[in-house]
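The residues making up each chain are set out below.
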Amino acid sequence: MFDIWQEIYGTIKRNKLRTFLTGFAVAWGIFMLIVLLGAGNGIIHAFEENSSQRALNSINVYGGSTTKPYDGLKEGRWIELDNRDMEDTETLFTDRVEEAGATLYQSATDISYGAEYVNLSLYGVYPNFTEVEAVRTAEGRFINQTDIKERRKVIVLHRKSADVLFGKTHTEPIGRFVNAGGVAYQVVGLFEDEGNSEPNMAYIPFSTLQTIYNKGNKLNSIVFTTKGLDTEKANEAFEQDYRRVIGANHRFDPTDDGAIWLWNRFTSYLQTMGAMSILRTAIWVIGIFTLLSGIVGVSNIMLITVRERTHEFGIRKALGAKPRSILWLIVVESVFITTVFGYVGMVAGIGATEWMDTAFGSQSVDAGLFQARMFSNPTVDIGIAIQATVTLIVAGTLAGLFPALKAVKIRPIEALRAD
């Protein structure tokens, strides 16, 4: 074995530049594979982090405009959701709806405490709102079922809004009363979101907003979480049933997707993960083909090596060398070059992913109410590293195998006559 390594060292030493250029192609191929996989993982991890902060088994329902005539009514009617739709969601789908709520919106309202004021929109919500949106209670509590039932005049302010109203007087916000357009609300909690923008809303009980601001039985959206809907097919079947119920309430075609809009986070998640899987496959294909270009270079250099050493191999065989020893020599040299330069490329690729994590790992897009992480933890796990290692070894073996087989087939008499 020591003699083999001596021969490999001697061959590389005689052809330094050629070996370096060939090895560089291999290193570049594995470098690009690691960098592309790391970048793809960064995008996938960011999406998973964003999704984990909201209930994936949630559905938001919004009113829309009909696109089909139905039951003697023309298309183009605006569908407004109401309390009846909310009640049907709770009572008719008990086997598939876990918890239901609704939202209602009141435009900009001056909220004051003493001489300080902020202009905010009031958002009437149910307790389940924090499960489906990126809203976290920072102090006190959020809206509860008793608030809804008793139509309490309570309010949950953004921490920044509370700082404006109470900061100068160093007053503890919880328990204080604020004036919102002539209505006194008791502050029961403070909330935080992921956005960096100035807060533009405060939360009050849905029933309170609907009563005080004379909204009748209308609502802006229905928000609920589901249970037992673990597949895309099950979710699609539920959506069809749900459209039939709401369609009967408002006299629109249940197959009219424009009449109401359903945002199903679970099916959106599955579809996005499918797209991410395609992205990962595409990255592997691009990376493997880039790596193959380097492997072809290794195979070519080994063919040249075999041609240059034709006399030597002929003499070896004439002296009784077994074909297996020549085959082993070429394959080991090929695997050695591929593996060494491959690991150089792999280490450089891992270094590049660490740099990407430092430079871009904390970047996000501010959407006002929340921040969406765009890039997170662009690393390559141990499983990928093992796959890359196996790929290198197999590729190095194949790169040397064909030249080695050619060397084995050399007849001693022809080798000694070769130029």
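For the structure itself, consult the block above.
Residues numbered from 1 in each chain as written. Predicted model: local features only at pLDDT ≥ 70, side-chain atom pairs only at ≥ 80, totals over all residues. Heavy atoms only, no water.

### A look at the pairing of strand S5 (residues 154–158)
Here's step 1: Counting buried residues in S5 gives five out of five residues, a clear majority hidden from the surface.
Here's step 2: Pairing of S5 with strand S7 (residues 183–193) involves five bridges; the strand directions are parallel. Note on S7: the bridge partner recorded for Leu157 is Leu190. (Buried < 20%, exposed > 50% of the residue type's maximum accessible area, 1.4 Å probe, protein only. Helix = DSSP H or I, 4+ residues; strand = E, 2+ residues; numbered from the N terminus. Pairing = 2+ DSSP bridges.)

### Describing unusual backbone geometry
Here's step 1: Look at His170: it is not a glycine, yet its phi comes out positive at around 55 degrees.
Here's step 2: Relative to the elements of secondary structure, His170 occurs in the loop between helix H6 (159–166) and strand S6 (177–180).

### Topic: the pattern of salt bridges
Here's step 1: Taken as a whole, this structure holds 13 salt bridges when the rule is applied.
Here's step 2: The salt bridge involving Asp71 is made with Arg251; its shortest N-O contact spans 3.2 Å. Of this pair, Asp71 sits in the loop between strand S1 (58–63) and helix H3 (83–91) while Arg251 sits in the loop between helix H8 (232–250) and strand S10 (260–264); the two residues are 180 residues apart in sequence, bridging distant segments of the chain.
Here's step 3: Relative accessible area serves as the criterion here: at 40%, Arg251 is assigned to the partly exposed category.
Here's step 4: The partner of Glu192 in a salt bridge is Arg159, with the nearest N and O atoms 2.9 Å apart. Here the residue Glu192 occupies a position in strand S7, and Arg159 occupies one in helix H6, the gap between them amounting to 33 residues.
Here's step 5: One salt-bridge network, in which partners are shared between bridges, spans Asp95, Arg96, Asp241 and Arg244. (Salt bridge = Lys/Arg side-chain N within 4 Å of Asp/Glu carboxyl O.)

### Some points on the packing of H3 against H8
Here's step 1: Between H3 and H8, whose axes approach to 10 Å, the crossing angle comes to 150 degrees. Of the possible angle classes, the one that applies to H3 and H8 is roughly antiparallel. Between H3 and H8 lies a crossing whose hand is right-handed. Residue-level contacts link Arg84, Asp85, Asp88 and Thr89 of H3 to Tyr242, Val245, Ile246, Asn249 and His250 of H8.
Here's step 2: Here the contact of H3 with H8 is composed, by residue class, of three nonpolar, three polar and three charged. (Axes fitted to C-alpha atoms, helices over the stretch in contact; angles between N-to-C directions. Parallel < 35°, antiparallel > 145°, perpendicular 65-115°, else oblique. Left-handed = near helix turned anticlockwise from the far one by under 90°. Contact = heavy atoms within 4.5 Å. Nonpolar A, V, L, I, M, F, W, Y, C, P; charged D, E, K, R; others polar.)

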